[in-house]
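# Overview (structure and organization)
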Amino acid sequence: MSLSDNADPKVASSTPHARPGTTGPARPVQQTPRRRRKVLTGVLATLAVLVTVAAAGGLVWQISSVAAPRTGTLTTPEAYPPAAPAPVLASSNADAPMPDLASVLPALLGDARLNGSTSASFADALTGEVLYEQEGTAPLAPASSMKVVTAVAALEHLGAEYRIPTTVVEGPTEDSVVLVAGGDVTLTVDGEGYYDQYAEGASLQELADLVLEARGGTAPNTVYLDTSVFTDNPKAEGVPAEDLVYMTAPMAPFMVDGGRKDNTQKYAEHFSDPALAAAEQFAELLGAATVEAGTADAGADEVATVYSAPMAALVDSFILTSDNLLSDAVALQTALAVEGAMTWAAMSTVHLATLEGLGVDNTGLVFYDGAGLSPSNRMTANAFTALLLGAASSSSSSVFESLPVAGYSGTLDDRFGTAEAGKGVVRAKTGTLSGVSSLTGTLTTADGRQLVFSILSNGATTGETAVETALDEISTAVAQCGC
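Nothing here was measured: the structure is a model prediction, and the numbers come from that model.

For the protein, the helix and strand inventory stands at 13 helices and 15 strands. Of all 483 residues assigned to the protein, the portion counted as buried reaches 54%. Relative to all contacts within the protein whose residues are 6 or more apart in sequence, the contacts with residues 24 or more apart total 72%. Total accessible area on the protein is roughly 18,700 Å²; 50% of this is exposed by carbon and sulfur atoms.

Here's what the structure looks like:
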C-alpha cells in the first residue's frame with residue numbers, strides 16, 4: 001500500500017480565492033501558451049505574512065507587514081508588552097544578493113539519509129536562473145508533488161472562478177428524472193460534509209429541493225444516474241488496487257464527501273461504487289423509489305443544477321491537505337474542458353501541453369494520474385522549478401498561495417521539527433509514497449532572495465521520516481544561507 005501525506009485535513013486551513021456567484025460557472029478559457037518569466041516579486045510579495053497567536057489559540061494570518069505588536073495600557077510595574085511575533089513568509093528583496101548555492105548544496109544533498117536517487121533544482125525566482133541542480137533532468141516518481149502540476153493546469157485552463165455542475169434533467173417518462181454527473185466529488189448530503197471548511201459547495205438536499213420545486217412538489221418514482229461523462233478505468237494505471245479503499249476512491253464523476261463512508265476522516269474507507277451510493281442518497285432525499293443507470297436524452301430539458309466551490313477553493317483544498325481523490329477529479333475536469341474527454345490519457349495530454357506552454361522541458365515526463373499516487377509517474381526537479389517560474393507570470397500564479405507553510409499549515413503543519421529556522425520561511429508541496437519523498441515550492445534566503453526549488457528522492461532505504469527530515473533541513477539550510 002502506498003503511503004501519503006498525513007496532515008489532518010480538519011486542522012489545515014484554507015481560504016478560497018474566489019466565491020460562488022449567483023450565476024453559472026465561468027466558461028473555461030484556454031490559455032495561449034507563453035514562454036516568459038516575469039518577476040515573481042508581484043506574485044509572492046503578497047506572501048508577506050506575520051502570524052499571531054489569538055486568544056483562542058488559533059493562527060491569524062495577515063497579508064501585510066506589521067511593524068510592532070499591539071500593546072495594552074500598562075497598569076502595573078509588572079506589565080510588559082508581549083514579545084514580537086515570529087515573522088512568517090517575509091517579502092523578498094529584489095536587490096538581495098544571489099546566493100552561492102554551489103558552496104553548500106553538494107554537502108547537503110550528499111546527506112547519508114538520501115541514499116537513493118536524488119534530483120534537485122534551485123532557481124532564482126526573479127531572473128529564472130537555475131542556481132544549482134543535481135541530476136535535475138532525471139525523471140523520478142514525484143508522489144504528491146504531482147498535485148502542483150494538476151493545480152497549475154486547472155487554473156490555466158479553467159480559471160479560478162470555474163465551478164463544476166451537477167444537473168438533473170427530465171427523464172424518459174413523466175415519473176422519472178436523470179441525474180447527470182458533471183465531475184463534482186465534493187457534494188454533501190445536507191450542507192455539512194468533509195470539504196465544507198475548505199471548498200464549500202452544493203448539497204444533495206439543495207438539488208432535491210430544486211427538483212421538487214420545479215416538479216410542483218411531486219417526487220419522481222425513478223432517478224436515472226448518468227455517469228457517461230467519465231469513460232475510463234476507475235483506477236489510474238500504476239495505482240495499487242488497495243489504495244482505492246483508504247487513500248482514494250474508485251474514480252467516478254459524482255460523489256458525496258469524496259466517496260468517504262465517514263466524512264470526518266481523511267483516510268476513511270471509501271465506497272466501492274461512490275456514484276451509486278451518492279445517487280441512492282439523492283433519491284432518498286427526493287422521495288424517489290428506485291435508482292437505475294441511464295443516459296440523458298440529447299436535448300432533455302434541465303430541471304435543476306447546482307455547482308461546486310470555485311476552482312481556486314478546490315485547488316486550495318487538495319494542495320493544502322494533499323487530497324488524492326479531489327486532485328484526480330480536478331485533473332479529469334480539466335481534461336474534459338480542454339480535450340473533450342474525461343480520461344486519464346486526455347489528462348496526461350493536457351498536463352504535458354500545459355507544461356510545454358509554460359516553457360517546461362517535457363523530456364522523460366510521464367503522467368498517469370493527477371494526484372501522484374501512481375509510482376509510475378515521472379517528473380524532474382528541473383521541470384518543477386520551470387513550472388513554478390512559468391506559473392508566476394500566468395493565470396495560475398495563485399497556486400503559490402495554496403502551498404503549505406512550514407510548521408503552520410497543511411501537510412507541513414507538523415514538519416520542520418528539526419529545522420525550526422525553516423518554519424514560516426519555506427512554503428512547499430509535500431510528496432510521500434513508499435520509497436518516494438519530495439518537496440517542491442518556494443523559500444526566501446536570509447538576505448531576502450526569493451527562490452523556487454524541488455527535491456525528489458526515490459529508493460532511499462533510511463525510512464520515510466528520515467528522508468523527510470533531511471528535505472526539511474536542506475531547504476532550511478538554503479533559506480538560512482548567507483553564502
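With that settled, consider the pattern of salt bridges. According to the stated counting rule, one finds eight salt bridges in the structure shown. Among the salt bridges present, the one from Lys261 reaches Glu269, with a minimum N-O distance of 3.3 Å. Each of Asp111, Arg113 and Glu473 takes part in one network of salt bridges that share partners.

Per the stated rule, a full pass over the model turns up one disulfide. Between the sulfur of Cys481 and that of Cys483 lies a disulfide, 1.8 Å long from S to S. Judged by relative accessible area, which is 29%, Cys483 ranks as partly exposed.

It is worth spelling out helix α13 (residues 464–479) at this point. Compared with the 22 Å implied by 1.5 Å per residue over 16 residues, the 23 Å span of α13 between its first and last C-alpha is a close match. Along α13, the residues that are buried comprise Val467, Glu468, Thr469, Ala470, Leu471, Asp472, Ile474, Ser475, Thr476, Val478 and Ala479. Turning to α13, the residues buried within the fold contact α2 (105–109), β4 (117–124), β13 (426–433), β14 (436–444) and β15 (450–458).

If you look at the biggest cluster of nonpolar residues, it comprises 93 residues, and the most contacted ones within it are Phe254, Phe282 and Met311. Ranked by the residues each element gives to this core, the list is headed by helix α11 (residues 381–392), at eight residues. Filtering out sequence-adjacent residues up to four positions away, Met311 remains in contact with Ala154, Leu155, Leu158, Gly159, Ala160, Glu161, Tyr162 and Val330. If you look at the next biggest cluster of nonpolar residues, it comprises 26 residues, including Leu114, Ala419, Leu439 and Val478.

Turning our attention to the sheet that holds β13. Overall, antiparallel pairing links the five strands, which are arranged β5-β4-β15-β14-β13 in an open sheet. Only two strands of the sheet have a single neighbouring strand rather than two, namely β5 (130–134) and β13. Pairwise comparison of adjacent strand axes, ignoring direction, gives a mean angle of 5° for this sheet. As paired strands, β4 and β15 are joined by eight bridges and run antiparallel to one another.

This brings us to the pairing of β14. With nine of its nine residues buried, β14 lies for the most part within the structure. Sheet topology note: the β13/β14 ladder contains eight bridges and is antiparallel. Bridging across to β14, Leu433 finds its partner in Val436. Pairing of β14 with β15, which is carried by nine bridges, proceeds in the antiparallel orientation. Across the sheet, Gly441 pairs through a bridge with Phe453, a residue of β15. In this structure, the hairpin formed by β14 and β15 is closed by a connection of five residues, where Gly448 is found at a positive phi of approximately 100°.

A word on the packing of helix α3 (residues 146–157) against helix α9 (residues 324–339). At their nearest, the axes of α3 and α9 sit 9 Å apart, and the two run at 40° to each other. Between α3 and α9, the angle is such that the two are oblique. Regarding α3 and α9, the two cross each other, and that crossing is left-handed. Mapping the contact onto sequence places Lys147, Thr150, Ala153, Ala154 and His157 in α3 and Asn324, Ser327, Val330, Ala331, Thr334 and Val338 in α9. Of the residues that constitute the contact of α3 with α9, the class distribution is five nonpolar, five polar and one charged.

The rules behind each value
- Residues numbered from 1 in each chain as written.
- Predicted model: local features only at pLDDT ≥ 70, side-chain atom pairs only at ≥ 80, totals over all residues.
- Heavy atoms only, no water.
- Helix = DSSP H or I, 4+ residues; strand = E, 2+ residues; numbered from the N terminus.
- Buried < 20%, exposed > 50% of the residue type's maximum accessible area, 1.4 Å probe, protein only.
- Contact = heavy atoms within 4.5 Å.
- Areas by Shrake-Rupley, 256 points an atom, 1.4 Å probe, with all protein chains shown as cover.
- Salt bridge = Lys/Arg side-chain N within 4 Å of Asp/Glu carboxyl O.
- Disulfide = S-S within 2.5 Å.
- Expected span 1.5 Å × (residues − 1).
- Core = buried A, V, L, I, M, F, W, Y, C linked by side-chain atoms within 4.5 Å.
- Pairing = 2+ DSSP bridges.
- Axes fitted to C-alpha atoms, helices over the stretch in contact; angles between N-to-C directions.
- Parallel < 35°, antiparallel > 145°, perpendicular 65-115°, else oblique.
- Left-handed = near helix turned anticlockwise from the far one by under 90°.
- Nonpolar A, V, L, I, M, F, W, Y, C, P; charged D, E, K, R; others polar.

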